[in-house]
Amino acid sequence: MIDRYGRPLEDLRVTLTHVCNFSCFFCHMEGEDTESMQGLSPHQIGLVSRVAVEFGVKSVKLTGGEPTLRRDLPEIIREIRTSGVRDISMTTNGFLLANIAGKLKDAGLDRINISLHALTREKFKDVTGVDGMDRVIAGIREAKNQGFKPIKLNFVLTKRNSEEAKRVIEFSEEIGIDELHLIELHPVGLGRSTFSFHQGMEELEKEIAKIAVKSEIREKHFRPRYTLPSGLVVEIVKPYANPIFCAGCNRVRLTVDGKLKTCLYRDDKVIDVMYALSNKDLTLEERLELIRHGFEAAISIREPNFKYMMKIEAQQA
Ligand SMILES: Nc1nc2c(ncn2[C@@H]2O[C@H](COP(=O)(O)OP(=O)(O)OP(=O)(O)O)[C@@H](O)[C@H]2O)c(=O)[nH]1
Ligand SMILES: C[S@@+](CC[C@H](N)C(=O)[O-])C[C@H]1O[C@@H](n2cnc3c(N)ncnc32)[C@H](O)[C@@H]1O
Ligand code: SF4
Ligand code: SF4
């Protein structure tokens, strides 16, 4: 379904928990500011996915907090699978991945994005608060062994880790990662108070563009993508104050406390469907119908956060 700005709804981003085993200095926590930590049950997430599919959603992204901390993660994936979504992916810090990648594959997870913000041990700890680089690398390797494809790495560029970017690119090439997201710091959550570490991406993007053998624009967020001679695809994720990025936004978020949140940056553009998910007196059909109303309302209030403002002068007679 298309919103007032001509943008289709195709993707549901689900926050599974606010709990995390890392403490990255910039964490945006998906723009959610709530006391709730644990998130919805597999059944509740499955119900929302089922309705989302009716509205045109084709893909679901699992995020958090740290999604791998949910012991019922395989069950969540199976519930989403039965809703008819075509592409189920997860973004993770990778710390627990080596132990569970196989179970997630069996449950029906299609692909994984793993955050890797440094490749020197001290710098990794400085960014994430945890001395966990080796375990994350083991998680990346196990995801590859299990046959997840594509595997993407996420690198948030900041003044504190900018010298790590080249190492992460080289590592990605060496071990045969499919795609690397180079991400600009967003001023959301902790990123608001640590935005002084924001580092422009322009120079790095120019260097990458110079050596790329192919460049293209992805439909999602109109993100630029460059294929390096090694075959690694580097995607530039620059959402801040970028109307083009928002013009290509195709997603709605499901928060830990059962709200349809229409934008990472906005707490006012939110529709609460918790009543439909939690009231025990409702029949299944009543629940689904209420969630449908929730999606209709969410689509009607969706808007790009960053927009071009046009000033139209009245014509002089
Ligand atoms: N502002 C903004 N940032 C986003 C949005 N979606 C993802 N991001 C940011 O993009 C970075 C990468 O996000 P991922 O969770 O890897 O997912 P993705 O890039 O959306 O998805 P795929 O490439 O399809 O796997 C993170 O820093 C996200 O916060 C969005 O809709 N708006
Ligand atoms: C909020 S995390 C949740 C998933 C998981 N815990 C992880 O870190 O991969 C989702 C993605 O957003 C990125 N991220 C977090 N805070 C950010 C910020 N302020 N600006 C840009 N990206 C950010 C993370 O690096 C990660 O790739
Ligand atoms: S970015 Fe991810 S790993 Fe880092 S603190 Fe936030 S939720 Fe945890
Ligand atoms: S409207 Fe823009 S800022 Fe908001 S979620 Fe979509 S891309 Fe992100």
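Model, not experiment: these values are computed from the prediction. (Residues numbered from 1 in each chain as written. Chains lettered and ligands numbered in written order. Predicted model: local features only at pLDDT ≥ 70, side-chain atom pairs only at ≥ 80, totals over all residues. Heavy atoms only, no water.)

**Section: the UniProt feature "binding site: S-adenosyl-L-methionine" in the protein**
Note the threshold: UniProt positions are given in the numbering used here, feature names are shortened, and annotations may be inferred rather than shown by experiment. Only DSSP runs of H or I reaching four residues or more are called helices, and only runs of E reaching two or more are called strands; each is numbered from the N terminus. Contacts are residue-level and defined by heavy atoms, with any inter-residue pair within 4.5 Å sufficient. Burial status follows relative accessibility: with a 1.4 Å probe on protein chains alone, a residue under 20% of its type maximum counts as buried, one over 50% as exposed, and anything between as partly exposed.
The sites that UniProt annotates as "binding site: S-adenosyl-L-methionine" are Gly-65 and Ser-115. Across 51 residues, the annotated set stays spatially compact, with a maximum C-alpha separation of 12.4 Å. The topology assignment puts Gly-65 in the loop between strand 2 (59–63) and helix 2 (73–82). Setting aside residues up to four positions removed in sequence, Gly-65 forms contacts with Thr-17, His-18, Val-19, Cys-20 and Met-29. With respect to the helices, strands and loops of the structure, Ser-115 is situated in strand 4 (residues 111–115). Given the relative accessible area of 17%, Ser-115 is considered buried. Among residues more than four places away in sequence, those in contact with Ser-115 are Thr-91, Thr-92, Asn-93, Val-136 and Asn-154.

**Quick word on the site of ligand 4**
To be explicit about the condition: Residues are counted as near a molecule or strand when any one of their heavy atoms sits within 4 Å of it. Residues are grouped as follows: nonpolar covers Ala, Val, Leu, Ile, Met, Phe, Trp, Tyr, Cys and Pro; charged covers Asp, Glu, Lys and Arg; every other residue, Gly included, is treated as polar.
Every residue lining ligand 4 is accounted for by Arg-7, His-221, Phe-245, Cys-246, Cys-249, Cys-263, Leu-264, Tyr-265, Glu-303, Pro-304 and Asn-305. Residues belonging to the shell around ligand 4 are distributed by class as follows: seven nonpolar, two polar and two charged.

**Quick look at helix 8 (residues 202–211)**
In plain terms, the rule: Note that the arc is defined by the directions from the helix axis to the C-beta atoms.
For helix 8, the full list of buried residues reads Leu-204, Glu-205 and Ile-208. For helix 8, the arc enclosing every buried residue in end-on projection is 100°, short of the 170-degree limit, so these residues lie on one face. In this structure, helix 8 carries Glu-203, Lys-206 and Lys-210 as exposed residues pointing more than 90 degrees from its buried face.

**Brief notes about the pairing of strand 10 (residues 251–254)**
How we decide: A pair of strands is labelled paired if DSSP reports no fewer than 2 bridges between them.
On strand 10, burial covers both faces: Arg-251 and Arg-253 on one face and Val-252 and Leu-254 on the other are all buried. Pairing analysis gives four bridges linking strand 1 (residues 11–15) to strand 10, with the strands arranged parallel. Counted as the bridge partner of Asp-11 is Arg-251 from strand 10. Two elements, strand 10 and strand 11 (residues 259–261), share two bridges in a ladder whose sense is antiparallel. Looking at strand 11, one finds that Arg-253 is bridged to Lys-261.

**Let's talk about the sheet that holds strand 5 (residues 151–157)**
As a reminder, the rule being used: Each axis is a line fitted through C-alpha atoms, and for a helix only the stretch in contact is used; angles between axes span 0 to 180 degrees, taken between their N-to-C directions.
A sheet is described by the order of its strands in space; here twelve strands give the open sequence 7-8-9-6-5-4-3-2-1-10-11-12, paired in mixed fashion. On the outer flanks of this sheet lie strand 7 (214–217) and strand 12 (270–272), each paired with one strand and no other. Between one strand axis and the next, the sheet turns through 20° on average, direction left out of account. In the sheet, strand 11 pairs with strand 12 via three bridges, with the strands oriented antiparallel. In the strand pairing of strand 12, Leu-260 is matched with Ile-271. Here helix 1 (residues 42–54) sits on the sheet and contacts strand 1, strand 10 and strand 11; the angle it forms with strand 1, its principal contact strand, is near 165°. Its contacts with the sheet put helix 8 on strand 5, strand 6 (179–184), strand 8 (224–227) and strand 9 (233–237), and the angle it makes with strand 8 is roughly 45°.

**Details of the nonpolar core**
Put simply, the rule reads: What makes a nonpolar core is a set of buried Ala, Val, Leu, Ile, Met, Phe, Trp, Tyr and Cys residues whose side-chain atoms join them at distances within 4.5 Å.
In this structure, Leu-62 and Phe-295 are the most contacted members of the largest nonpolar core, which totals 83 residues. Apart from the residues within four sequence positions on either side, Leu-62 is in contact with Val-14, Leu-16, Pro-67, Leu-73, Ile-77, Ile-80, Ile-88, Ser-89, Met-90 and Thr-91.

**What about the environment of Met-29?**
Mapped onto the secondary structure, Met-29 falls in the loop between strand 1 and helix 1. The spacing of Met-29 and Gly-191 is 162 residues in sequence and 9.5 Å in space, taken between C-alpha atoms. The contacts of Met-29, once residues within four sequence positions are left out, are His-18, Gly-64 and Gly-65.

**Observations concerning the UniProt feature "binding site: [4Fe-4S] cluster 1" in the protein**
UniProt records the feature "binding site: [4Fe-4S] cluster 1" for Cys-20, Cys-24 and Cys-27 in the present numbering. Relative to the assigned elements, Cys-24 resides in the loop between strand 1 and helix 1. Residue contacts for Cys-24: discarding those within four places in its chain leaves Val-127, Thr-128 and Leu-190. The residue Cys-27 is located in the loop between strand 1 and helix 1 in this model.

**Section: the confidence of the model for the protein**
Which entries qualify depends on this criterion: Per-residue confidence from the predictor is reported as pLDDT, which spans 0 to 100.
Taken as a whole, the protein shows an average pLDDT of 96; of its residues, 97% reach a score of 70 or greater. The ipTM value of the predicted complex is 0.99, and its pTM value is 0.97.

**Here we look at helix 5 (residues 133–145)**
Where we set the bar: Helix span, as expected, comes to 1.5 Å for every residue beyond the first.
Along its 13 residues, helix 5 runs 19 Å from first to last C-alpha, staying within 8% of the 18 Å computed at 1.5 Å per residue. Tucked inside the fold, the buried residues of helix 5 contact helix 3 (97–107), strand 4, helix 4 (121–128), strand 5 and helix 6 (165–175).

**Some thoughts on the pairing of strand 2**
Stated formally: Handedness of a crossover is defined as follows: orient the strands so they point away from the viewer, and if the path from the first strand over the helix to the second runs clockwise, the crossover is right-handed.
Where burial is concerned, most of strand 2 is hidden: five out of the five residues are buried. Residues Ser-59, Lys-61 and Thr-63 point to one face of strand 2 and Val-60 and Leu-62 to the other, with burial holding for every one of them. The pairing of strand 1 with strand 2 spans five bridges and is parallel. Residue Val-14 lies in a different strand from strand 2, and its bridge partner there is Leu-62. For strand 2 and strand 3 (residues 87–92), the ladder comprises four bridges, and the chain directions are parallel. The residue bridging Val-60 from the neighbouring strand is Ile-88, located in strand 3. Taken together, strand 2, helix 2 and strand 3 form a β-α-β motif whose crossover is right-handed.

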